[in-house]
Amino acid sequence: MFRNWLKIIVALFFLTGCAERVINITDNEGKIVGGCNAGFDWHIYGLQDSIDYMLYECAKDSIAKGFLISDERLLTLDFTLPQLPEGKQWNEALHGVAPLP
């Protein structure tokens, strides 16, 4: 019994971790004028997209003011949601849409 619990605890330990990233906000001359820090502690693996979205949201106002960000890759990512077809609703089980009841 103890071995089973130990296996479960070890498996959970390897599936969790910490993820953190920082971007710098710079002016046109390269001087750092701010930054954004996003991360999760003790999360289940796979939250990198969430970190990218938080960093983009943090830097969005600075980008609009003409500042630059250190991770230009964030500007190439598409965070928009697709339009919902008329008469349908999102259905997580189908990973798409399903007809309304």
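Below, the structure is looked at part by part. Note that the structure is predicted; figures quoted are calculated from it, not measured.

### With respect to a nonpolar patch on the surface
Then step 1. Residues Phe2, Leu6, Val10, Phe13, Phe14 and Trp42 make up a contiguous nonpolar surface patch of roughly 760 Å² in combined accessible area.
Then step 2. Mapped onto the secondary structure, Leu6 falls in helix H1 (residues 2-15).

### Side note on the side chain of Ser62
Then step 1. Relative to the helices and strands, Ser62 resides in helix H2 (residues 48-64).
Then step 2. Ser62 has contacts with Ile25 and Phe67, leaving out every residue within four places of it along the chain.

### Some details on the state of the cysteines
Then step 1. Tallied over the entire structure, the rule returns one disulfide.
Then step 2. For Cys36, the disulfide goes to Cys58, at an S-S distance of 2.1 Å. One disulfide, between Cys36 and Cys58, carries an S-S torsion of -85° and so falls in the left-handed class. On the criterion of sequence distance, the pair formed by Cys36 in strand S2 (residues 32-44) and Cys58 in helix H2 is long-range, its members being 22 residues apart.

Criteria and thresholds
- Residues numbered from 1 in each chain as written.
- Predicted model: local features only at pLDDT ≥ 70, side-chain atom pairs only at ≥ 80, totals over all residues.
- Heavy atoms only, no water.
- Patch = residues over 30% accessible without salt bridge, like charges linked within 9 Å, V, L, I, M, F, W, Y side chains within 5 Å.
- Areas by Shrake-Rupley, 256 points an atom, 1.4 Å probe, with all protein chains shown as cover.
- Salt bridge = Lys/Arg side-chain N within 4 Å of Asp/Glu carboxyl O.
- Helix = DSSP H or I, 4+ residues; strand = E, 2+ residues; numbered from the N terminus.
- Contact = heavy atoms within 4.5 Å.
- Disulfide = S-S within 2.5 Å.

The values reported here are purely geometric and, on their own, carry no functional implication.
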